[in-house]
Amino acid sequence: MNSDIASIPQAYRALAGLRRWGRFLVTLIAGASLTLSQQPWGFWPALLFGIPVIVWMWWARPGFKQAAFTGWTAGFGMLIFGLYWIAEAFLVDIARHGWMIPFVIGGLAAGLSLFWGAAFALARWIAPRPGVISVIVLALSVTAFEMARTYVLTGFPWGMIAYGWMDTPVAQLTAYVGPHMLNLVTLLIGGLLACNGRSGWPTIAAGTALLASWQIGAIRLEQEVIPRPDGYTVRLVQPNAPQREKWLADRIPVFYDRALGFTAGGDYDAVVWPETSVPQRIETPAVQIADRIYSWMDISRAAGGRPALIGTRSTEPEPDWINWYNALAVVGQDGAILASYAKHSLVPGGEFLPFDRTMSRLGLRSVASGTSGGFVPGPGPATIQIDGMPRVQPLICYEAIFPHELRTDGPRPEWIVQITNDAWFGKSSGPWQHLAQARYRAIEQGLPLARAANTGISAFVDPYGRLMQTLAIGEAGFLDGVLPAPIAAPLYARSGDLPGVVLLLAALSGFAASMRRGRA
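What you see is a predicted model, and the numbers here were worked out from it, not measured in a lab.

Procedures and definitions
- Residues numbered from 1 in each chain as written.
- Predicted model: local features only at pLDDT ≥ 70, side-chain atom pairs only at ≥ 80, totals over all residues.
- Heavy atoms only, no water.
- Pairing = 2+ DSSP bridges.
- Helix = DSSP H or I, 4+ residues; strand = E, 2+ residues; numbered from the N terminus.
- Axes fitted to C-alpha atoms, helices over the stretch in contact; angles between N-to-C directions.
- Phe/Tyr/Trp six-rings, centres within 6.5 Å; stacked < 30°, edge-to-face > 60°.

A.B. asks: I'm lost on the sheet that holds strand S5 (residues 308-318) in this one. Help?
C.D. replies: The strands making up a sheet are joined through hydrogen bonds of the backbone, oriented either antiparallel or parallel. Taken together, six strands build an open sheet; the order of strands is S7-S6-S5-S2-S1-S13 and the sheet is mixed. One side of each edge strand has no neighbouring strand; the edge strands of this open sheet are strand S7 (337-342) and strand S13 (477-482). Neighbour-to-neighbour, the strand axes of this sheet turn through a mean angle of 35 degrees, independent of strand direction.

Okay, here's the thing in structure tokens:
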């Protein structure tokens, strides 16, 4: 293939000479190496190694099919190693669900990798010759298809390469441009490093972009975090109930009493329990299991009448069906339900099944819900406002991975609360990556975040995404933290993804038109 750069790098020449299986393995490993930048490893230099190698392998294989296969292979390597933790959920009830592991993990990674395959094929069509222009087009194309991965078929944007910057100042760019445009910046930096031939300007440009991004973030992190003037203090409860034991009749009272004990006493203004912490439903003030009664009044007494944000479930009966919701309830004095919220972004296969009523009649259940047919989605993002408590935006578990779903109507929230049950995933990388994505939401919205997780990681996060306090995985306990004041709404919180969509479509269309004219 001809080149529009001064010299083809020697590394590219060596990789281009590999046989088919050699190219496949190198591409797969390069994609997998991107996972090292994710939490809990946080080795961000892996981005600067993996992306150039993937670009070289893309250059080495002419044709649309070869380009698509290269992109698919890189995406599959990144996702199959990045999503292994999902298997932990199927090991909770291994007799029923264990056989699904290779099909679910392999199928999910293979399906999501199609976005990368399509992106690489499109970039090859627009810019077939290796060089700087092709790198720019590829970065735009992958960013566009990664954005599509966030929306298509309910979306699953887990493991985006932007999250590899989590514990560096570069992560702060997401406050201005969002995670998808940070994907673009990352791909451009890594892609330009692939052009390190005799002409050194692409490498200089990549280094300059990285240093500028780092400096912009560092300046932003110099801003002082100001506590709320009212000193509003929140308690996070982490009962540490292993998923295999959580709903056993003889273990329910152990974890329930543990959470009540962590709630009682102390000087705080509101308490938060994790997702699905209690056996009673919002509509059922009390429920009896064996010889024990569980009630909202128990929680109200333990909290001293202060607001208690509790992960629970709720139901809505129909003539021949019962709709179940994964919910959060705000419990006040005398066990009164002051407000509630129903989760609207549900985990496919975990919390709901397509054609749920038919599936239920066939005896099929979703993995996590434990209800026939699974949960029903709630109406959408919301802000809870009750007297004496700062306006709060609730997120239940999985909802924290969607950056575009934190925009609500009405007054801006003053803090975010995420309740989750990552016990499904043990001590794998899943809970760490879940926390990292929640931290990105704090950066993007300029809001403090309080996160209560059943088995960890519970945490207080400041409006810049920095961890203030944490409770480790597998540890039972509680955290008391004073909420920081929110900062001014960052640009991304006000603009959302629309400017990015316009930029990507305009740039790709412009390059396509220009390159076609050039070929003509």
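A.B. asks: Even after reading the chapter, I still don't get unusual backbone geometry, so can you show me in this structure?
C.D. replies: Note: most residues except glycine have negative phi, and most peptide bonds are trans. For the bond from glutamine 39 to proline 40, the omega torsion is 5 degrees, close enough to zero to count as cis. Mapped onto the elements of the fold, proline 40 is located in the loop between helix H2 (20-33) and helix H3 (45-59). Put simply, glycine 456 and isoleucine 457 share a cis peptide bond, and its omega is 10 degrees. One non-glycine residue with positive phi stands out, namely asparagine 240, at about 60 degrees. With respect to the helices and strands, asparagine 240 occurs in the loop between strand S1 (233-238) and helix H11 (252-263).

A.B. asks: I tried to follow the packing of aromatic side chains on my own but got confused; where do I start?
C.D. replies: Aromatic ring pairs are described here by two measures, namely the spacing of the ring centres and the angle between the planes. Here the structure, examined in full by the defined rule, presents 18 aromatic pairs. Here the aromatic rings of tryptophan 21 and phenylalanine 24 are separated by 5.6 Å at their centres, their planes lie at 85 degrees, and the arrangement is edge-to-face. Remark: phenylalanine 24 and tryptophan 21 occur in helix H2; sequence separation between them is three residues, near one turn of the helix. Considering the side-chain rings of tyrosine 256 and tyrosine 294, the 4.8 Å spacing of their centres and the 80 degrees angle between planes classify their relative orientation as edge-to-face. In this pair, tyrosine 256 sits in helix H11 while tyrosine 294 sits in strand S4 (residues 292-295), placing the two residues 38 residues apart along the sequence.

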